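Observations on the three-dimensional arrangement
Now for the letters of each chain:
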Amino acid sequence: MRVCVIGTGYVGLVTGACLAHIGHDVICIDNNEEKVKLMKSGQSPIFEPGLSEIMQSAIQAGTIQFSSDLAAGVAHGEILFIAVGTPPLPTGESDTRYVEAVARGIGENLNGGYKVIVNKSTVPIGSGDWVRMIVLDGIAERQKTLVPAGGMSVDEKLPEVAAQFDVVSNPEFLREGSAVYDTFNPDRIVLGGNSQRAVGLMKQLYAPIVERKYAENQSLPSVPVLVTDLSSAEMIKYAANAFLATKISFINEVANICDRVGADVTQVAKGIGLDSRIGNKFLNAGIGWGGSCFPKDVAALIHTADDYGYEAQLMKAAVTVNERQRLIALEKLQQVLKILKGKTVGLLGLTFKPDTDDMRDAPALNLIEQLNRLGAKVKAYDPIVSQTGLRHGLSGVLVETDAERLADGCDALVLVTEWQQFSTLDYTKMAKLMNHPVIIDGRNFLDPETMVRAGFQYVGVGR
């Protein structure tokens, strides 16, 4: 099938590359010329395991191309994915101006053939009908620019374009760091729409994935495909992220109580996770959630509830707990070192989660800000950030090139991101390089006994 993906962030680029990998004819559109040039060379502008390899194989197979020409993309695709960013505004609502610009651009460039316009961006509930309206506005703008010829009216010259497209909501459930895996091994595919024709084409598009032809375990049953109305599909995305964020905040509340009563939250999480009604995922206590999705989506859902006269108290509480949790590592540093002014603190990890270069709303940023405020010197080492130009955008922190340089002269370390590489560091050598061998394990990632044998004073969260 011919596919156009507009916007090449995490969602758009992964979606486009994976659809090309399974044999569809894909064009990815982005208005950043430098980014387009980079992608044409087979390089990914983001760090995502496996993505560059899939891009390069699709380029060699001729199933993917990259362009900044929106008109060419609209002409090419029978399915048009809108995958641009919807960053949060200070009010908590989503900034939809990029979605609006793309929808209007699609309307101005529709070429008469039937199109399925897919909202892949996480958009406010009700955006399906809104996008349809904006596309129609774009069509109207285009009509105004056409000059009638031969005595025919504009309406007679143009086909009835409004009847030749449908809007579908197809929310993504990709995890940064495993987005390629998640695309080929989804838990479910959600399609929201009122048109059987549009939903049918989307099912056809995803058939190889639904049938597990590219799955890690191809013997599993077919991927469930849930067909809903537009608003329900949009709500599913927000509700899923809000629930997972709340689950993390819940276990962090439990961890804080464990700290006070002498229980071990890792054992508690294991015990409750064995309950099939609860499950063991997203029960890792630590210093809170961040990234580009949870904070934005929870805030947007709270704002939507407010718009409709409902106070989402549980979701607001989840946010409050998360904000407080980010300072837990700071409190533990103060308990061990007392005065932080003049002390040197090293951060193991900077990104909001492992296997990504994403620093958006990362807990490390809050730690750096507060440690600087209290007069501490802050150093950091991150397997990705330390190797890229991203470190130049960080203020108030010295980014080191390896973990041993980080430890040298530190009064304490804080494990912020649970990179797998951090499980095999030479902690015995690092402890000897430090002024005070203290480690605050902000993710309960390390084995306490191993760290003590290495010479560290180990402090976990809720342990």
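Starting afresh in each chain, residues are numbered from 1 along the sequence in its written order. Only residues with pLDDT of 70 or above have their local features reported here, since the model is predicted, and side-chain atom pairs are shown and tallied only from 80 upward, although totals for entire chains, interfaces and linings are computed over all residues. Heavy atoms from the whole structure form the basis of all side-chain values; hydrogens and water molecules are not counted.

Named according to an unreviewed UniProt entry, the protein is UDP-glucose 6-dehydrogenase originating from Nostoc minutum NIES-26. UniProt positions are given in the numbering used here, feature names are shortened, and annotations may be inferred rather than shown by experiment. Checking UniProt for the protein, the heading Sequence similarities (unreviewed entry) contains the comment "Belongs to the UDP-glucose/GDP-mannose dehydrogenase family."

This part takes up the packing of aromatic side chains. Between rings of Phe, Tyr and Trp, where Trp is taken as its six-membered ring, a pair exists when centres lie within 6.5 Å; planes separated by under 30 degrees are stacked, by over 60 edge-to-face, and by other angles tilted. What the rule picks out here adds up to 5 aromatic pairs. Considering the side-chain rings of phenylalanine 282 and phenylalanine 294, the 6.2 Å spacing of their centres and the 40° angle between planes classify their relative orientation as tilted. In this pair, phenylalanine 282 is assigned in the loop between helix H11 (265–273) and helix H12 (294–307) and phenylalanine 294 in helix H12, connecting sequence segments 12 residues apart. Residue burial is assigned from relative accessible area. The probe radius is 1.4 Å, only protein chains are included, and a residue is buried under 20% of its type maximum, exposed over 50%, and partly exposed in between. Residue classification places phenylalanine 294 among the buried positions, given a relative accessible area of 12%. For the ring pair tyrosine 427 and phenylalanine 456, a centre distance of 6.1 Å and an interplane angle of 80° mean the geometry is edge-to-face. On the criterion of sequence distance, the pair formed by tyrosine 427 in helix H17 (residues 427–433) and phenylalanine 456 in the loop between helix H18 (448–453) and strand S14 (457–459) is long-range, its members being 29 residues apart. Like phenylalanine 456, tyrosine 427 is buried. Feature note: the residues Phe282, Trp289 and Phe294 constitute an aromatic cluster, connected by ring pairs. Whether a charge lies above a ring is judged from NZ of Lys or CZ of Arg, which has to be within 6 Å of the ring centre and within 35 degrees of the ring normal. The ring of tyrosine 114 is capped by arginine 197, whose NZ or CZ atom sits 3.6 Å from the centre of that ring. Secondary structure elements are taken from DSSP: a helix is a run of H or I of four residues or more, a strand is a run of E of two residues or more, and numbering for both begins at the N terminus.

Turning our attention to H11. All buried positions along H11 are accounted for by Val265, Ala269 and Gly273. On an axial view of H11, the arc spanned by its buried residues comes to 70°, and they lie on one face. The exposed set on the far side of H11, more than 90 degrees from its buried face, consists of Gln267 and Lys270. On its buried face, H11 sits against helix H10 (230–261). Think of it as the arc spanned by the lines of direction from the helix axis to the C-beta atoms. Any pair of residues with heavy atoms lying within 4.5 Å of one another is described as a contacting pair.

With respect to the helices and strands, the residue arginine 443 is situated in the loop between strand S13 (438–441) and H18. For arginine 443, a relative accessible area of 14% puts it in the buried group. Counting of polar contacts relies on pairs of N or O atoms within 3.5 Å, with two restrictions inside protein: one atom must be capable of donating a hydrogen and the other of accepting it, and residues adjacent in sequence are counted only when both atoms are side-chain atoms. Polar side-chain contacts of arginine 443 include one of 3.0 Å to the backbone oxygen of glycine 288. A distance of 2.8 Å separates a polar atom in the side chain of arginine 443 from the backbone oxygen of valine 416. In this structure arginine 443 touches Ala285, Gly286, Ile287, Gly288, Phe352, Pro363, Leu415, Val416 and Glu418, once residues within four positions along its chain are discounted.

Each cavity reported here is a set of points on a 1 Å grid over the protein atoms alone in which a 1.4 Å probe fits but cannot get out, each pocket an open set with protein on both sides within 12 Å along at least five of seven lines, and each lining residue one with an atom within 4 Å of a point. Grid points are joined across faces, edges and corners, and a volume is the space filled by probe spheres set on the points. Counted as a void, the second largest pocket has a volume near 880 Å³. Taken together, 36 residues form the lining of the second largest pocket, with Gly9, Ala83, Val84, Gly85 and Thr86 sitting closest to its centre. Secondary-structure elements contributing two or more residues to the lining of the second largest pocket are helix H1 (10–21), helix H5 (97–109) and H12. Among the elements that take part in the lining of the second largest pocket, H12 stands out by supplying 3 residues, more than any other. Gly is put with the polar residues, along with every residue not named as nonpolar or charged; the nonpolar set is Ala, Val, Leu, Ile, Met, Phe, Trp, Tyr, Cys and Pro, and the charged set is Asp, Glu, Lys and Arg. In terms of residue class, the lining of the second largest pocket is built from 17 nonpolar, 12 polar and 7 charged.

Here the focus is unusual backbone geometry. Of note in the backbone geometry, phenylalanine 282 takes a positive phi value of approximately 60° without being a glycine. Not every positive phi belongs to a glycine, and lysine 338 is a case in point at roughly 65°. Lysine 338 gets classed as exposed once you look at its relative accessible area, which sits at 57%.

All right, on to the environment of alanine 305 then. Of note, alanine 305 is situated in helix H12. Separated by 260 residues in sequence, alanine 305 and proline 45 place their C-alpha atoms 36 Å apart. Those residues in contact with alanine 305 that lie beyond four places of it in its chain are Tyr310 and Ala312.

Moving on, we come to the sheet that holds strand S12 (residues 412–415). For sheets, the rule is that strands pair by backbone hydrogen bonds, running either parallel or antiparallel. Whether two strands pair depends on DSSP finding at least two bridges between them. Pairing is parallel in the open sheet, where 6 strands are placed in the order S11-S10-S9-S12-S13-S14. The open sheet terminates on both sides in strands that have one partner only, identified here as strand S11 (398–399) and S14. Of the pairings in the sheet, the one linking strand S9 (residues 344–348) to S12 comprises 4 bridges and is parallel in character. Bridge pairing in S12 links glycine 346 to leucine 413. Note on method: axes are straight lines fitted to C-alpha atoms, helices fitted across the in-contact stretch only, with angles between N-to-C directions ranging 0 to 180 degrees. Against the sheet, helix H15 (residues 363–373) engages S9, strand S10 (377–381) and S12, with an angle of about 175° to S9.

Turning our eyes to something else, we now look at the UniProt feature "binding site: substrate" (unreviewed entry) in the protein. Taken from the UniProt record, the annotation "binding site: substrate" (unreviewed entry) applies to Phe173, Leu174, Arg175, Glu176, Lys237, Phe282, Leu283, Asn284, Ala285, Gly286, Gly290 and Lys353. A maximum C-alpha distance of 24.3 Å among these annotated residues, which run over 181 residues, shows that they spread across the structure rather than meeting at one spot. Restricting the annotated residues to those that line the largest cavity leaves Lys237. Tracing the backbone shows leucine 174 in the loop between strand S6 (165–169) and helix H8 (179–184). Those residues in contact with leucine 174 that lie beyond four places of it in its chain are Val14, Ala179, Asp182 and Thr183. Here glycine 290 shows up in the loop between H11 and H12. Judged by its relative accessible area of 8%, glycine 290 falls in the buried class. If we ignore the near neighbours within four places in the chain, the residues touching glycine 290 are Pro295, Arg326, Phe352, Arg360 and Asp361.

For the rest of this paragraph, the subject is the domain arrangement of the protein. Segmenting the protein into domains produces domain 1 (2–228) and domain 2 (319–459). Domains are outlined according to an automatic or database domain assignment. On a C-alpha basis, the centres of domain 1 and domain 2 stand 39 Å from each other. Contact with domain 1, which involves 7 residues of that partner, is made by 9 residues of domain 2. Carbon and sulfur atoms supply 48% of the area buried between domain 1 and domain 2, which totals about 620 Å² over both sides. Note on terms: buried area is the combined drop in 1.4 Å-probe accessible area of two parts once they are placed together, counting the loss on both. Contact with domain 2 buries surface across domain 1, with Tyr10, Phe47 and Glu176 losing the most and accounting together for 79% of the total.

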